[in-house]
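# Structural description and commentary
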Amino acid sequence: MKPSLLDFKLTGLQAIVKPSFRSKQIYSWLYHNYAQNFEEMKNIPKALKDELAEKFVVNPLKIVKKESSIDGTIKYLFELQDGKTIETVWLKMKEEIRDESGNLTQEAKYTICVSTQVGCKVGCAFCLTAKGGFTRDLTAGEIVGQVVALKRDNEHKHNRMINIVYMGMGEPLDNLENLAKAIEIFKEDDGLCISGKRQTVSTSGLSNKIDRLGEMDLGVHIAISLHAVDDKLRTELIPMNKAHNISSIIEAVKRFPIDTRKRVMFEYLVIKDKNDDIASAKKLVKLLSGIKAKVNLIYFNPYPGTEYERPTKSDMITFQEYLVNHGLLCTIRDSKGIDISAACGQLKEKTQGDLS
Ligand code: SAH
Ligand code: SF4
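Residues numbered from 1 in each chain as written. Chains lettered and ligands numbered in written order. Predicted model: local features only at pLDDT ≥ 70, side-chain atom pairs only at ≥ 80, totals over all residues. Heavy atoms only, no water.

A separate point is the overall build of the protein. When you go through the protein residue by residue, the secondary structure sums to 12 helices and 14 strands. Here the C-alpha radius of gyration of the protein, 21 Å, is about what a compact globule of 356 residues would show, namely 21 Å. The C-alpha extent of the protein, read off along each of the three principal axes, is 70 × 55 × 45 Å. Burial analysis of the protein (356 residues in total) assigns 51% to the buried set. Restricting the contact set of the protein to residue pairs at least 6 apart, pairs at least 24 apart contribute 65%. When the accessible surface of the protein is summed, it comes to about 16,400 Å², and 50% of that surface belongs to carbon and sulfur atoms. Looking at the protein, you have 52 positive and 47 negative side-chain charges, and the mean spots of the two groups are 3 Å apart. (Helix = DSSP H or I, 4+ residues; strand = E, 2+ residues; numbered from the N terminus. Rg over C-alpha atoms; globule rule 2.2 N^0.38 Å. Buried < 20%, exposed > 50% of the residue type's maximum accessible area, 1.4 Å probe, protein only. Contact = heavy atoms within 4.5 Å. Areas by Shrake-Rupley, 256 points an atom, 1.4 Å probe, with all protein chains shown as cover. Lys, Arg positive; Asp, Glu negative; His and termini not counted. Charge placed at Lys NZ, Arg CZ, Asp CG, Glu CD.)

As a further point, take the nonpolar core. I26, M41, F186, F266 and L323 are the most contacted members of the largest nonpolar core, which totals 106 residues. Split by domain, the residues of this core number at least three in each of domain 1 (1–59) and domain 2 (60–93 + 108–355). Here L323 is in contact with A281, L284, V285, V295, L297, L328 and C330, once residues within four sequence places are set aside. Ranked by size, the runner-up nonpolar core spans seven residues in total, among them L91, C113, V165 and A223. (Core = buried A, V, L, I, M, F, W, Y, C linked by side-chain atoms within 4.5 Å. Domains from an automatic or database assignment.)

A separate point is the site of ligand 1. Taken together, the neighbourhood of ligand 1 is formed by 21 residues, with G170, S202, S225, H227 and N301 sitting nearest. Here F126 contributes a backbone N or O atom positioned 3.4 Å from a nitrogen atom of ligand 1. When isolated, ligand 1 has an accessible area of 540 Å², and the protein chains bury 93% of it. Secondary structure elements with two or more residues in the shell around ligand 1: strand 10 (199–203), strand 12 (264–270) and strand 13 (293–299). (Near = heavy atom within 4 Å. Polar contact = N/O pair within 3.5 Å; in protein donor to acceptor, adjacent residues only side chain to side chain.)

Here we take up the site of ligand 2. Around ligand 2 lies a shell formed by C120, V122, G123, C124, F126, C127, A130, G170, E171 and S204. Per-class residue counts for the shell around ligand 2 are six nonpolar, three polar and one charged. (Nonpolar A, V, L, I, M, F, W, Y, C, P; charged D, E, K, R; others polar.)

On the surface, a cluster of positive charge is contributed by K197, K262, R263, K292 and K294. Positionally, K197 belongs in the loop between helix 6 (176–187) and strand 10. (Patch = residues over 30% accessible without salt bridge, like charges linked within 9 Å, V, L, I, M, F, W, Y side chains within 5 Å. Salt bridge = Lys/Arg side-chain N within 4 Å of Asp/Glu carboxyl O.)

Another aspect to go through is the sheet that holds strand 9 (residues 163–166). Judged by pairing direction, the sheet is mixed, and its 10 strands sit side by side in the order 1-2-3-6-9-10-11-12-13-14 without closing on themselves. Two strands lie at the open edges of the sheet, namely strand 1 (62–68) and strand 14 (329–332), each paired on one side alone. Strand-to-strand, the axes of this sheet are offset by a mean angle of 20°, without reference to chain direction. Along the sheet, helix 5 (residues 140–153) contacts strand 1, strand 2 (74–79), strand 3 (85–94), strand 6 (109–113) and strand 9; its crossing angle with strand 3, the most-contacted strand, is approximately 50°. (Pairing = 2+ DSSP bridges. Axes fitted to C-alpha atoms, helices over the stretch in contact; angles between N-to-C directions.)

Our next topic: the packing of aromatic side chains. Applying the stated criterion across every chain, the model contains seven aromatic pairs. A centroid spacing of 4.8 Å and a plane angle of 55° characterise the contact between Y27 and Y31, whose relative ring orientation is tilted. Here Y27 and its partner Y31 are both found in helix 2 (residues 20–31), four residues apart, which amounts to about one turn of the helix. Of the two residues, Y27 and Y31, neither departs from the other in class, the shared state being buried. Through a chain of ring-to-ring contacts, three or more aromatic side chains come together here, namely F300, Y303 and Y308. The ring of Y299 is capped by R310, whose NZ or CZ atom sits 4.1 Å from the centre of that ring. (Phe/Tyr/Trp six-rings, centres within 6.5 Å; stacked < 30°, edge-to-face > 60°. Lys NZ or Arg CZ within 6 Å of the ring centre and 35° of its normal.)

This paragraph deals with the pattern of salt bridges. In this structure the tally under the stated criterion is 19 salt bridges. A salt bridge links E184 to K9, with the nearest nitrogen and oxygen atoms 3.9 Å apart. On the criterion of sequence distance, the pair formed by E184 in helix 6 and K9 in the segment before helix 1 (10–16) is long-range, its members being 175 residues apart. Look at E184 and you get partly exposed, because its relative accessible area is 31%. Using a relative accessible area of 32% as the deciding quantity, one classes K9 as partly exposed. Linking R152 and E40 is a salt bridge whose minimum nitrogen-to-oxygen distance equals 3.0 Å. Taken as a pair, R152 in helix 5 and E40 in the loop between helix 2 and helix 3 (46–55) lie far apart in primary sequence, 112 residues in all. Given the relative accessible area of 33%, R152 is considered partly exposed. On the accessibility criterion, E40 (22% relative accessible area) is partly exposed.

Written out as structure tokens, the structure is:
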């Protein structure tokens, strides 16, 4: 596997490519024109391109499958240089709005859901990604390449805003070094210029790594996949809760530096007859008191072979109402792309076999 040009911050590239204006030109090809290969870089001397091509690839990812949903969600399956596959999702969060004369008053808004590992070590009982075990960490370039490839495929201009959520396959904090590098590359002024505020790291709760991420002071948001309010059920759902229990996570969240106007998001996967009762809602309110929190309720998304079931809509709403009536901000995540392969890991699962 060759390293990628997407592995570098501008200063890193400047250390390899001289003079400095050349590295800026290449950076612009990468992040303003989304070049996929060296041939596309028209104003770069051939000798330099040949030299770089011996050591580096441009984008290490290849789109091998794409599924589009009627709601604007597009799910991508990428093949990496070593033949492994990962998923990335393009989510339409807001429709474009035009006034009566047809003038654009609001552009459509998009979020990209990226993967950070091939597989995952955490082994959550409800998660399809966990079923295939862990293969390897993604490099920073492989994380960055997902966003570049999706912006290119959707003709999304480099200066149009995009949000990134690290909610695809893998546990981002288990690949902290490459994650942090990717976050910084996304923030580059000469690159995609995506601020930390537009990037949300979702974690199953490695409390020591939450502290590490906080110390790095990258300005990103965190989302905690809480899913249960007592340690017994949480350990059943997320085995590593034994080492990082609920109170250790809550303490780490309290130490995490957040923008004073923002809230920490707690994701709560609702599973029928497991954690959808009012007693759980009550405990959740108590647990999050004293934290500027926002709860996002997620319907469990079933797949063949799982023992868990999707909760009913009315139980979901009752749960939400309890939280809201007790002062917690709470939304229900609408299942985008429900007609394709919504939850993480599902497109990969479906395609296995026809790829190998
Ligand atoms: N590893 C990180 C980020 C990737 S998982 C984490 O666990 O937070 C992203 C989100 O998808 C998590 O909140 C996870 O709980 C959720 N998820 C996993 N399997 C799911 C399923 N079958 N249905 C609905 N959400 C699921
Ligand atoms: Fe890993 Fe997140 Fe899936 Fe758990 S839910 S197995 S942490 S990807």
